[in-house]
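# Structural overview for review
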Amino acid sequence: SIFTTQIINNKFITMGANAKVAFCSLLTGKWTPCNAIGGNLVNNATTIFLGNIYTSLVYNDDILIIAGEAGRVASYSFSKDKWCAYDDKDAALSGMINNIGLATDGYAIRTMKIIKVNDYDILVCAGDHGVVASCFLSDNAWTKFNGESQKISPQGPGIASDGTNRLNKNINKIVKYGNNLIFAGEAGHVSMYDYENKVSVSYTHLRAHETRGNLVC
């Protein structure tokens with residue numbers, strides 16, 4: 001099964017079950033299967049990621065970030081033609097992004113979004129059980145869903161929220177609106193987080209419609 005796709009460098013990339021990654025050249029129409037050997041290594045993710053890949057995005061037109069089962073995160077650099085495994089301890093030294101799943105306490109990541117706060121790029125991940133975690137992309141410094149920093153970053157703590165108290169369901173989609181992140185998921189639940197003012201609005205906030213700043217619940 002294919003769960004997520006991206007287009008970069010004239011390649012249509014498919015990612016999904018059992019960490020299978022394949023791609024098709026949009027110039028020639030030729031497919032490179034997930035088990036191909038040699039050439040561009042972007043198709044070989046089974047050795048750097050365990051389980052299903054549920055979501056992906058491209059950062060700075062070079063880094064392909066994949067995330068999914070058990071909260072694992074891995075990345076691939078097109079300029080370096082190199083994968084960074086989810087358990088690579090030297091990820092930050094090579095300018096790559098990864099996590100072994102501790103940021104989400106082992107819950108699957110279903111969706112990701114990159115935002116800019118104080119001129120820093122932050123990767124926000126969300127998924128099962130309403131967990132939300134974040135990472136400073138400059139140095140692979142993660143902040144767990146419960147606010148605990150896994151690595152001390154010069155930028156300070158990132159965005160973290162115990163989503164179990166806000167959405168209480170699996171998060172399937174993140175949408176950015178102004179300075180707000182809108183989380184939507186299971187059972188039609190929707191919540192919002194103002195990351196500039198650090199204010200959350202729960203899906204149970206019955207008076208949210210009465211304030212212009214908190215329009216969603």
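Note that this is a predicted model, so its numbers are computed, not measured. (Residues numbered from 1 in each chain as written. Predicted model: local features only at pLDDT ≥ 70, side-chain atom pairs only at ≥ 80, totals over all residues. Heavy atoms only, no water.)

### Examining the packing of aromatic side chains
Summed over the entire model, instances satisfying the criterion amount to 5 aromatic pairs. Pairing tyrosine 76 with phenylalanine 78 gives two aromatic rings, centres 4.9 Å apart and planes at 90°, and the pair type is edge-to-face. Classification of tyrosine 76 as buried rests on a relative accessible area of 0%. Considering the side-chain rings of tyrosine 120 and phenylalanine 136, the 6.1 Å spacing of their centres and the 90° angle between planes classify their relative orientation as edge-to-face. (Phe/Tyr/Trp six-rings, centres within 6.5 Å; stacked < 30°, edge-to-face > 60°. Buried < 20%, exposed > 50% of the residue type's maximum accessible area, 1.4 Å probe, protein only.)

### Focus: the side chain of threonine 55
Along the polypeptide, threonine 55 turns up in strand β5 (residues 53-59). Relative accessible area serves as the criterion here: at 8%, threonine 55 is assigned to the buried category. Among residues more than four places away in sequence, those in contact with threonine 55 are Thr4, Ile65, Ile66, Ala67, Ile109, Arg110, Thr111 and Met112. (Helix = DSSP H or I, 4+ residues; strand = E, 2+ residues; numbered from the N terminus. Contact = heavy atoms within 4.5 Å.)

### Quick word on the sheet that holds strand β12 (residues 141-143)
Ordered in space as β9-β10-β11-β12, the 4 strands form an open sheet in which the pairing is antiparallel. Lying at the two open borders of the sheet, with one neighbouring strand each, are β9 (109-117) and β12. Between one strand axis and the next, the sheet turns through 25° on average, direction left out of account. Of the pairings in the sheet, the one linking β9 to strand β10 (residues 120-127) comprises 8 bridges and is antiparallel in character. For methionine 112, the partnering residue across the bridge sits in β10 and is cysteine 125. (Pairing = 2+ DSSP bridges. Axes fitted to C-alpha atoms, helices over the stretch in contact; angles between N-to-C directions.)

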